[in-house]
Amino acid sequence: QQPVQSPQAVILREGEDAVINCSSSKALYSVHWYRQKHGEAPVFLMILLKGGEQKGHEKISASFNEKKQQSSLYLTASQLSYSGTYFCGTPGGISYGKLTFGQGTILTVHP
Amino acid sequence: DTAVSQTPKYLVTQMGNDKSIKCEQNLGHDTMYWYKQDSKKFLKIMFSYNNKELIINETVPNRFSPKSPDKAHLNLHINSLELGDSAVYFCASRQMTGRTGTGELFFGEGSRLTVL
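Every value quoted in this text rests on a predicted model; they were computed, and no experiment measured them. (Residues numbered from 1 in each chain as written. Chains lettered and ligands numbered in written order. Predicted model: local features only at pLDDT ≥ 70, side-chain atom pairs only at ≥ 80, totals over all residues. Heavy atoms only, no water.)

> Would you mind going over the interface of chain B and chain A with me for this structure?
When the parts of a complex come together, some accessible area is lost, and that lost area is often used as the size of the interface. In this assembly, 25 residues from chain B lie in contact with 24 residues from chain A. Together chain B and chain A conceal approximately 2000 Å² of surface at their shared face, both sides included; 60% is due to carbon and sulfur atoms. Remark: the boundary between chain B and chain A carries one salt bridge. With a shortest N-O distance of 3.0 Å, B:Glu58 and A:Lys98 are connected by a salt bridge. On inspection of chain B and its partner chain A, the count reaches four residue pairs in polar contact (both at pLDDT 80 or more). Taken together, the residues of the side of chain B that touches chain A break down into eleven nonpolar, eight polar and six charged. (Contact = heavy atoms within 4.5 Å. Buried area = accessible area lost by both parts, 1.4 Å probe. Salt bridge = Lys/Arg side-chain N within 4 Å of Asp/Glu carboxyl O. Polar contact = N/O pair within 3.5 Å; in protein donor to acceptor, adjacent residues only side chain to side chain. Nonpolar A, V, L, I, M, F, W, Y, C, P; charged D, E, K, R; others polar.)

> Whenever I open this one, the sheet that holds strand 3 (residues 18–23) of chain A confuses me. Can you help?
Adjacent strands of a sheet pair through backbone hydrogen bonds, lying either parallel or antiparallel. All names here are of chain A. Pairing is antiparallel across the open sheet formed by four strands, whose spatial order is 1-3-8-7. The open sheet has two edge strands with one neighbour each: strand 1 (4–6) and strand 7 (61–65). When the angles between neighbouring strand axes are averaged without regard to direction, this sheet yields 15°. With six bridges joining them, strand 3 and strand 8 (residues 70–75) adopt antiparallel strand pairing. By the bridge assignment, Ser23 is partnered in strand 8 with Gln70. (Pairing = 2+ DSSP bridges. Helix = DSSP H or I, 4+ residues; strand = E, 2+ residues; numbered from the N terminus. Axes fitted to C-alpha atoms, helices over the stretch in contact; angles between N-to-C directions.)

> What's the story with the packing of aromatic side chains in this structure? I'm lost.
Centre distance and the angle of the planes are the two values used to describe a pair of aromatic rings. The final tally for this structure, using the stated rule, is ten aromatic pairs over all chains. Ring centres of A:Tyr34 and A:Phe101 lie 5.5 Å apart, and the angle between their planes is 80°; this geometry places the pair in the edge-to-face category. Placement of the pair is A:Tyr34 in strand 4 (residues 30–36) and A:Phe101 in strand 10 (residues 99–101), with a sequence separation of 67 residues. A:Phe101 gets classed as buried once you look at its relative accessible area, which sits at 0%. Consider the rings of B:Phe64 and B:Tyr89, whose centres lie 6.3 Å apart with planes at 35°: the pair is tilted. On the criterion of sequence distance, the pair formed by B:Phe64 in strand 7 (residues 64–70) and B:Tyr89 in strand 9 (residues 87–94) is long-range, its members being 25 residues apart. Under the relative-accessibility criterion, B:Phe64 is labelled buried at 7%. Residue classification places B:Tyr89 among the buried positions, given a relative accessible area of 0%. Taken together, the ring pairs connect A:Tyr34, A:Phe44, A:Phe87, A:Phe101, B:Tyr33, B:Tyr35, B:Phe90 and B:Phe107 into an aromatic cluster. (Phe/Tyr/Trp six-rings, centres within 6.5 Å; stacked < 30°, edge-to-face > 60°. Buried < 20%, exposed > 50% of the residue type's maximum accessible area, 1.4 Å probe, protein only.)

> Sorry, what's going on with the state of the cysteines here?
What makes a disulfide is a covalent bond joining the sulfur atoms belonging to two cysteines. All names here are of chain A. Under the criterion given, the structure shown has two disulfides over all chains. The residue that forms a disulfide with Cys22 is Cys88, at a sulfur-sulfur distance of 2.0 Å. Its S-S torsion of about 70° marks the bond between Cys22 and Cys88 as right-handed, since a negative value means left-handed. Here the residue Cys22 occupies a position in strand 3, and Cys88 occupies one in strand 9 (residues 84–91), the gap between them amounting to 66 residues. We classify Cys22 as buried; its relative accessible area is 1%. Taking relative accessible area as the criterion, Cys88 reaches 0% and is therefore assigned buried. (Disulfide = S-S within 2.5 Å.)

> Looking at this model, I keep getting lost on the nonpolar core. Mind explaining?
Taken as a class, soluble globular proteins show a tendency for nonpolar side chains to be buried jointly. In terms of nonpolar packing, the biggest core is built from 21 residues, with A:Trp33, A:Leu45, A:Leu73, A:Leu75, A:Tyr86 and A:Leu107 touching the most fellow members. Every element with two or more residues in this core is listed here: strand 2 (9–13), strand 3, strand 4, strand 5 (42–49), strand 7, strand 8, strand 9 and strand 11 (105–110) of chain A. Contacts of A:Tyr86, omitting those with residues within four sequence positions, involve A:Gln5, A:Ile20, A:Tyr34, A:Arg35, A:Leu45, A:Leu73, A:Leu75, A:Gly104, A:Thr105 and A:Leu107. If you look at the next biggest cluster of nonpolar residues, it comprises 20 residues, including B:Cys23, B:Tyr49, B:Phe64 and B:Tyr89. (Core = buried A, V, L, I, M, F, W, Y, C linked by side-chain atoms within 4.5 Å.)

Shown next, in the form of structure tokens:
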């Protein structure tokens, strides 16, 4: 089942903060976050694992609430380069290796 | 040195034709995927191969047939193309880390298919 993201779109000015949420109707043991810029491929941002471990490459933080089956991505002091569509991905249940993405959140950062 | 490469990047074709998209990864990963991204940007998983074995086969018309000759290559052949097949098709790969599959996905640049 597809995770649900909110909000669908966010418009910010440089330096402002944003939070993107991802909810699942089933138990999660990991959540992936990706960013896709216009006309480009999605790029990995971060993986959050059950137990609190995080693996990421950029100065973006996230949280993972296993009980609530939710994850949130925190973008602080946003830069123009943060603009794009953010996707959360959750592993599938039966299908080994399946990663199902949410519908995406469009983030636009203005000068 | 491109990690995941797809060809062609653009395809424009008529309804009813057959087309193929090829994907290659040089990351040494054991699992490859095809995702379809429609005009609303929704990324839908289609197929996945792990070490040449088909492990994910979503509800996709049987006009779509994947093939993985080895773990570094994954191709997608589409027969009798329809207007609704117009989309961007992304190939991706990752190294599976146990059953939970926590390895990150590396995407190719995408192949934009337009069916007229």
